[in-house]
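Chain by chain, the residues:
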Amino acid sequence: MTRWDDAMREAIATARTAGGDVPIGAVLLDASGAVVTAAANEREATHDPTAHAEVLVLRRRAAELGTWRLDGHTLVVTLEPCTMCAGAAVLARVDRVVFGAYDPKAGAVASLWDVVRDPRLNHRPAVVGGVLADECAALLKDYFGTRR
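Computed from a prediction, not measured in an experiment: that's the story for all the values here.

Here is what the cut-offs are and how they apply
Residues numbered from 1 in each chain as written. Predicted model: local features only at pLDDT ≥ 70, side-chain atom pairs only at ≥ 80, totals over all residues. Heavy atoms only, no water. Helix = DSSP H or I, 4+ residues; strand = E, 2+ residues; numbered from the N terminus. Expected span 1.5 Å × (residues − 1). Buried < 20%, exposed > 50% of the residue type's maximum accessible area, 1.4 Å probe, protein only. Arc of directions from axis to C-beta. Phe/Tyr/Trp six-rings, centres within 6.5 Å; stacked < 30°, edge-to-face > 60°. Salt bridge = Lys/Arg side-chain N within 4 Å of Asp/Glu carboxyl O.

**A short note on helix H5 (residues 133–145)**
Its 13 residues place the ends of H5 18 Å apart at the C-alpha level, agreeing with the 18 Å of an ideal helix rising 1.5 Å per residue. Where H5 is concerned, the buried positions are Cys136, Leu139, Leu140 and Tyr143. Along the axis of H5, the buried residues cluster in a sector spanning 85°; they form a single face. Looking at H5, the residues exposed on the side facing more than 90 degrees away from the buried face are Asp134, Lys141, Asp142 and Gly145.

Dropping the structure here:
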């Protein structure tokens, strides 16, 4: 068991609330490791292409704190973030991105690109990948298995 397993289990539980959307869940941890917000994808429900779980937790926490700077926070998400979400994590100044399943088709934190650790950027979050990867991947396999 890794130190991120409990948070990833919360992200998995959150992903299961996605309704008809792709079941991706994210939680944001504060500096003490407490979950301060959680979200599942809401693209279908809101008709918003940017309503990815990661963006939603970053927006909600920034609004709650009254600042866009989320240093001291850790973003935990069931699927490796895409370019939009990886960029949002950098711009929000999160300390760390923790993800479950790798995304070889669109992953922008390890698989296809490595946006968050690009040395040309002024902020580079730490990355931990593959946390409970099989459980996270199973969510997506089950979802797409019923649609293809």
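Let's pick the thread back up.
**Quick word on the packing of aromatic side chains**
One pass over the structure, following the stated rule, counts two aromatic pairs. Their ring planes at 85° and their centres at 4.9 Å tell us that phenylalanine 99 and tyrosine 102 sit as a pair that is edge-to-face. Exposure remark for tyrosine 102: the relative accessible area of 45% places this residue in the partly exposed category. Their ring planes at 85° and their centres at 4.9 Å tell us that tyrosine 143 and phenylalanine 144 sit as a pair that is edge-to-face. Its relative accessible area of 13% is what places tyrosine 143 among the buried residues.

**Let's talk about the pattern of salt bridges**
Taken as a whole and assessed by the stated rule, the structure comprises seven salt bridges. Put simply, aspartate 21 and arginine 43 hold a salt bridge, and the shortest N to O gap is 3.6 Å. Residue aspartate 21 is located in the loop between helix H1 (5–15) and strand E1 (25–29), and its partner arginine 43 is located in helix H2 (residues 43–46); the two are separated by 22 residues in the primary sequence. Exposure remark for aspartate 21: the relative accessible area of 3% places this residue in the buried category. On the basis of relative accessible area, arginine 43 is assigned to the partly exposed category, the value being 29%. Of the charged contacts, one joins aspartate 114 and arginine 117 as a salt bridge, the two residues approaching to 2.9 Å between their closest N and O atoms. Exposure remark for arginine 117: the relative accessible area of 38% places this residue in the partly exposed category.

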